[in-house]
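# Inside the fold
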Amino acid sequence: QRLYLYLFFHMFFAFSVVDSMFPLFAAARFDWNETQTGLFIAAVAIVLGASQGLFVGRLSRGIGETRMTMIGLALTGISIAGMSASHGFATLSICSVGMALGAGITIPAFTSLFSKVCGAHEAGETMSQSQAMLHTGRTIGALCWGWVFLFAGIALLGALAVFLAFSRVLLPQA
């Protein structure tokens, strides 16, 4: 269980780079204002939600949560790297859809895997701990990525290392 809590923290630490840095990235790279950035983020959120509704059940039955998580993490990491390298709207859009699809299948699959390692008598406590790690990862991630952005420039590429590093640690038997 501790490994899963550790991974929950790091998964959402990595996801926070997009949440916290994308508006700064969009302003610096594309000269977008708040409205343009907000509309783009809303479109990405719709893709993420649709991917969960349309694909998660089918993929879970077809390839299982372990492979879903690893594929989702890889797709998310590669897409975030592509977002950071993009200089045009089309490339940014394609990479953002990939990121949304990857995150959309990773989060429910990983949560399902985590719930399976919990005993029935401790499920409530353990799932609460996972939510605490989720929010802690997002909060600390936003602070850290802000520093990276401030001192190193556009920093979305850094998330790739986190995703790839723990996609192999996550479930070595897959």
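The structure contained in this document is the topic of the report that follows. (Residues numbered from 1 in each chain as written. Predicted model: local features only at pLDDT ≥ 70, side-chain atom pairs only at ≥ 80, totals over all residues. Heavy atoms only, no water.)

Okay, the overall build of the protein next. Counting its regular elements, the protein contains five helices and zero strands. Ordered by position from N to C terminus, the α and β elements of the protein give α-α-α-α-α. Residues classed as buried in the protein amount to 43% of the 174 residues present. For the protein, the proportion of contacts with a sequence separation of at least 24, taken over those separated by at least 6, is 82%. Here the protein has roughly 8600 Å² of accessible surface; of this, 68% comes from carbon and sulfur atoms. (Helix = DSSP H or I, 4+ residues; strand = E, 2+ residues; numbered from the N terminus. Buried < 20%, exposed > 50% of the residue type's maximum accessible area, 1.4 Å probe, protein only. Contact = heavy atoms within 4.5 Å. Areas by Shrake-Rupley, 256 points an atom, 1.4 Å probe, with all protein chains shown as cover.)

Turning our eyes to something else, we now look at helix 1 (residues 2-30). Helical periodicity: at 3.6 residues per turn, an α-helix aligns residues three or four positions apart in one direction. Between its first and last C-alpha atoms helix 1 spans 41 Å; for 29 residues at 1.5 Å apiece the expected length is 42 Å, and the two agree. Two residues or fewer after helix 1 comes Asp31, characterised by a positive phi angle close to 60°. (Expected span 1.5 Å × (residues − 1).)

Before going further, it helps to spend a moment on the packing of helix 1 against helix 3 (residues 89-117). Packing of helix 1 against helix 3 brings their axes to within 11 Å, and their N-to-C directions diverge by 160°. Looking at the two axes, helix 1 sits roughly antiparallel to helix 3. Here helix 1 and helix 3 pass one another in a crossing that is left-handed. Residues Tyr4, Leu5, Leu7, Phe8, Met11, Phe12, Phe15, Val18, Phe22, Phe25 and Phe30 of helix 1 form the contact with helix 3, whose participating residues are Leu92, Met99, Ala103, Thr106, Ile107, Phe110, Thr111, Leu113, Phe114 and Val117. A class-by-class count of the residues in the contact of helix 1 with helix 3 yields 19 nonpolar, two polar and no charged. (Axes fitted to C-alpha atoms, helices over the stretch in contact; angles between N-to-C directions. Parallel < 35°, antiparallel > 145°, perpendicular 65-115°, else oblique. Left-handed = near helix turned anticlockwise from the far one by under 90°. Nonpolar A, V, L, I, M, F, W, Y, C, P; charged D, E, K, R; others polar.)

Here we take up the nonpolar core. What tends to happen in soluble globular proteins is that the nonpolar side chains get buried as a cluster. Counting 20 residues, the largest nonpolar core has Phe22, Trp32 and Leu92 as its most contacted members. Here this core takes nine residues from helix 1, the largest share from any one element. Those residues in contact with Trp32 that sit more than four places away from it in its chain are Phe22, Ala26, Ala27, Thr37, Phe40, Phe89 and Leu92. Listed in part, the 14 residues of the second largest apolar core include Tyr4, Phe8, Phe12 and Phe15. (Core = buried A, V, L, I, M, F, W, Y, C linked by side-chain atoms within 4.5 Å.)

Another point: the pattern of salt bridges. This structure, assessed with the given rule, holds two salt bridges. Among the salt bridges present, the one from Asp19 reaches Arg138, with a minimum N-O distance of 2.3 Å. With a gap of 119 residues between them, Asp19 in helix 1 and Arg138 in helix 4 (residues 123-152) connect regions that are remote in the sequence. Arg138 gets classed as partly exposed once you look at its relative accessible area, which sits at 29%. A salt bridge links Lys116 to Glu65; the nearest nitrogen and oxygen atoms lie 3.0 Å apart. Here Lys116 is found in helix 3, whereas its partner Glu65 is found in helix 2 (residues 34-85), with 51 residues between them in sequence. The exposure class of Glu65 is buried, given its relative accessible area of 15%. (Salt bridge = Lys/Arg side-chain N within 4 Å of Asp/Glu carboxyl O.)

Looking now at the side chain of Ser86. Mapped onto the elements, Ser86 comes out in the loop between helix 2 and helix 3. Beyond its immediate stretch of four places on either side in the chain, Ser86 contacts Phe25, Arg29, Phe30, Thr91 and Leu92.

The axes of two packed helices give the description: the angle between them and the distance between them. For the pair helix 2 and helix 3, interaxial distance at closest approach is 6 Å and the crossing angle is 40°. With respect to helix 3, the axis of helix 2 lies oblique.

Another point: the environment of Val56. Tracing the chain through its elements places Val56 in helix 2. Residues Val56 and Ile105, 49 residues apart in the sequence, show an inter-C-alpha distance of 5.8 Å.

Here we take up the packing of aromatic side chains. Taken as a whole, this structure holds nine aromatic pairs when the rule is applied. Members of the aromatic cluster, connected to one another through ring pairs, are Phe22, Phe25, Phe30, Trp32, Phe40 and Phe89. (Phe/Tyr/Trp six-rings, centres within 6.5 Å; stacked < 30°, edge-to-face > 60°.)

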